[in-house]
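The residues making up each chain are set out below.
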Amino acid sequence: MPVWDDLVGQERLSAQLEAAARDADAIVTAASADAPPPEASKMTHAWLFTGPPGAGHTTAARAFAAALQCVSPDRALGGTPGCGFCDGCHTALVGTHADVTTVAAVGSQILVEDMRDTVRKSFTAPANGRWQTILVEDAERLNEKSANAVLKAVEEPAARTVWLLCAPSLDDVLPTIRSRCRHVSLLTPSVDAVADMLVRREGIEPDVAAAAARATQGHIDRARRLATDPRARERRAAVLKVPLRVEDIGGCLRAAQELVDAATEASKQLAEELDVKETEELKAALGASQGGRLPRGTAGVMKDLEDKQKRRRTRAQRDSLDLALTDLTGFYRDVLALQLGSRVALANTEAHDTLERLARATTPESTLRRIDAIAACRDALERNVAPLLAVEAMTVALRAG
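Bear in mind the structure is a predicted one, so any value in this text is a computation, not a measurement.

### Comments concerning the nonpolar core
One broad rule of soluble globular proteins: the nonpolar side chains tend to lie buried together. L17, M43, W47, F49, F64 and L164 are the most contacted members of the largest nonpolar core, which totals 34 residues. Among the elements of the structure, α1 (11-32), β1 (46-50), α2 (57-68), α3 (87-94) and β4 (161-167) are those that each provide at least two residues to this core. Looking at which element gives the most residues to this core, the answer is α2, with eight residues. Not counting chain neighbours up to four residues away, the residues in contact with M43 comprise A20, D23, A24, I27, F64, L68, W131, V162 and R182. V246, C252, A256 and V335 belong to the second-largest nonpolar core, a separate cluster that totals 32 residues.

### Describing the side chain of T101
Checked against the element boundaries, T101 lands in strand β2 (residues 100-103). Only 3.1 Å separates the side chain of T101 from the side chain of K121, close enough to count as a polar contact. In contact with T101, other than residues within four places in its own chain, are T118, K121, T133, I134 and L135.

### Remarks on the packing of aromatic side chains
Two measures describe an aromatic ring pair: the distance that separates the ring centres and the angle between the ring planes. Summed over the entire model, instances satisfying the criterion amount to two aromatic pairs. For the pair W47 and F64, a centre-to-centre distance of 5.0 Å together with 70 degrees between the ring planes defines the contact as edge-to-face. Here W47 is found in strand β1, whereas its partner F64 is found in helix α2, with 17 residues between them in sequence. Accessibility classification places W47 together with F64 in one group, the buried group. Note on F331 and Y332: the rings are 5.6 Å apart at their centroids and 90 degrees apart in plane angle, and the pair reads as edge-to-face. For the residue pair F331 and Y332, the accessibility class agrees, reading buried in each case. Between R182 and the ring centre of W47, over which it is positioned, the NZ or CZ distance is 5.2 Å.

### Quick notes on a nonpolar patch on the surface
Where nonpolar side chains cluster on the molecular surface, the patch consists of I249, L253 and V396 and spans about 210 Å² of accessible area. As for its position among the elements, V396 is in helix α15 (residues 387-400).

### Some points on the pattern of salt bridges
If you walk through the whole model with that rule in mind, you get 18 salt bridges. Across the salt bridge formed by E247 and R357, the nearest N and O atoms sit 3.9 Å from each other. Of this pair, E247 sits in the loop between α10 (230-240) and α11 (249-285) while R357 is found in helix α13 (residues 352-361), placing the two residues 110 residues apart along the sequence. Assessed through its relative accessible area of 58%, E247 is described here as exposed. By relative accessible area, which is 46% here, R357 ends up partly exposed. One continuous salt-bridge network, built from bridges that share partners, spans R222, R236, D327 and E350.

### Side note on unusual backbone geometry
Located in the positive-phi region is Q217, a residue other than glycine, with phi close to 55 degrees. By secondary structure assignment, the location of Q217 is in the loop between α8 (206-216) and α9 (220-228). The phi dihedral of N384 is positive, around 65 degrees, even though this residue is not glycine. Within the element layout of this structure, N384 appears in the loop between α14 (364-382) and α15.

Procedures and definitions
Residues numbered from 1 in each chain as written. Predicted model: local features only at pLDDT ≥ 70, side-chain atom pairs only at ≥ 80, totals over all residues. Heavy atoms only, no water. Core = buried A, V, L, I, M, F, W, Y, C linked by side-chain atoms within 4.5 Å. Buried < 20%, exposed > 50% of the residue type's maximum accessible area, 1.4 Å probe, protein only. Helix = DSSP H or I, 4+ residues; strand = E, 2+ residues; numbered from the N terminus. Contact = heavy atoms within 4.5 Å. Polar contact = N/O pair within 3.5 Å; in protein donor to acceptor, adjacent residues only side chain to side chain. Phe/Tyr/Trp six-rings, centres within 6.5 Å; stacked < 30°, edge-to-face > 60°. Lys NZ or Arg CZ within 6 Å of the ring centre and 35° of its normal. Patch = residues over 30% accessible without salt bridge, like charges linked within 9 Å, V, L, I, M, F, W, Y side chains within 5 Å. Areas by Shrake-Rupley, 256 points an atom, 1.4 Å probe, with all protein chains shown as cover. Salt bridge = Lys/Arg side-chain N within 4 Å of Asp/Glu carboxyl O.

Laid out in structure tokens, this is it:
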């Protein structure tokens, strides 16, 4: 199955990246034969993938990275790189390829310390003779120092180095960086396309896949999680009950506490396994004794790992809360659609009775104020306001309408 099959509803982008991967393969072939590179190549040294949340810009970047590392013999017969089966494609997709380095934000920012080794590696030749590929998943989280480090590397890259930056929009990336990148934009895939993917790739029942795709409005990762994880469905069902629980101040405060507790628990489940694995691997790399005692002088390294894990847990909690707020926004968006008589498809059809009840009992103006309150809560979380305080302020505002 070609790597491009992972790009749901992005046929035009797939064709563009496929053509660039073909030219990239020709460049490598020409270099190995001491021949001049092909003219008018569609390949370039830096790419910027943007798109709305859930559209799959990181997936597209990783598929392109896999195609650049493809070693399928079919390429010599005119086949397109990116077979999805060869060792190059497989290791790039699962994140173990020696020449594909992935950088993601651990906390709210990508620090220069997180980028230093990566930037240094970008100036080296690829280990297996193809492309040195640097994939930055959260380019919008580069701070001033780390962004400047990336800028220097993108300005004067090594001959066979490719930077793949992912961000929600062009405005989220420094103008000096984006001006040196080829921009590719993804569209939100249709509900039908996401549902079809869930049926084909995950083996989900068609009605469950359709409900998950409709509920997440084309967000691929969330739709997959909702369709495959019963706990995710339970958390979402609890979030959709919040509008009925804010009838008094006590209900507002209880609902806020439960939302924060659920986000904390979800982030804890995601982090625990990874934290234990990282800690054990680092202890082994540092030469810890059988009883677990660390060699002298390595306490600082372990402290750095603990700080990194703490930042990641904090971000995971905020991301989980943001997911709940997104579901809540979708709920009130459906209420507003009913109030205005819009023909737009509802995302939360399973809560249709509740939507109808709130639509009759409130006005479009109050619904808009509630949507604004949710947006204000998300902004407060981005500014590192204590989660419980931010969510309590939101639930009280939802009550006021």
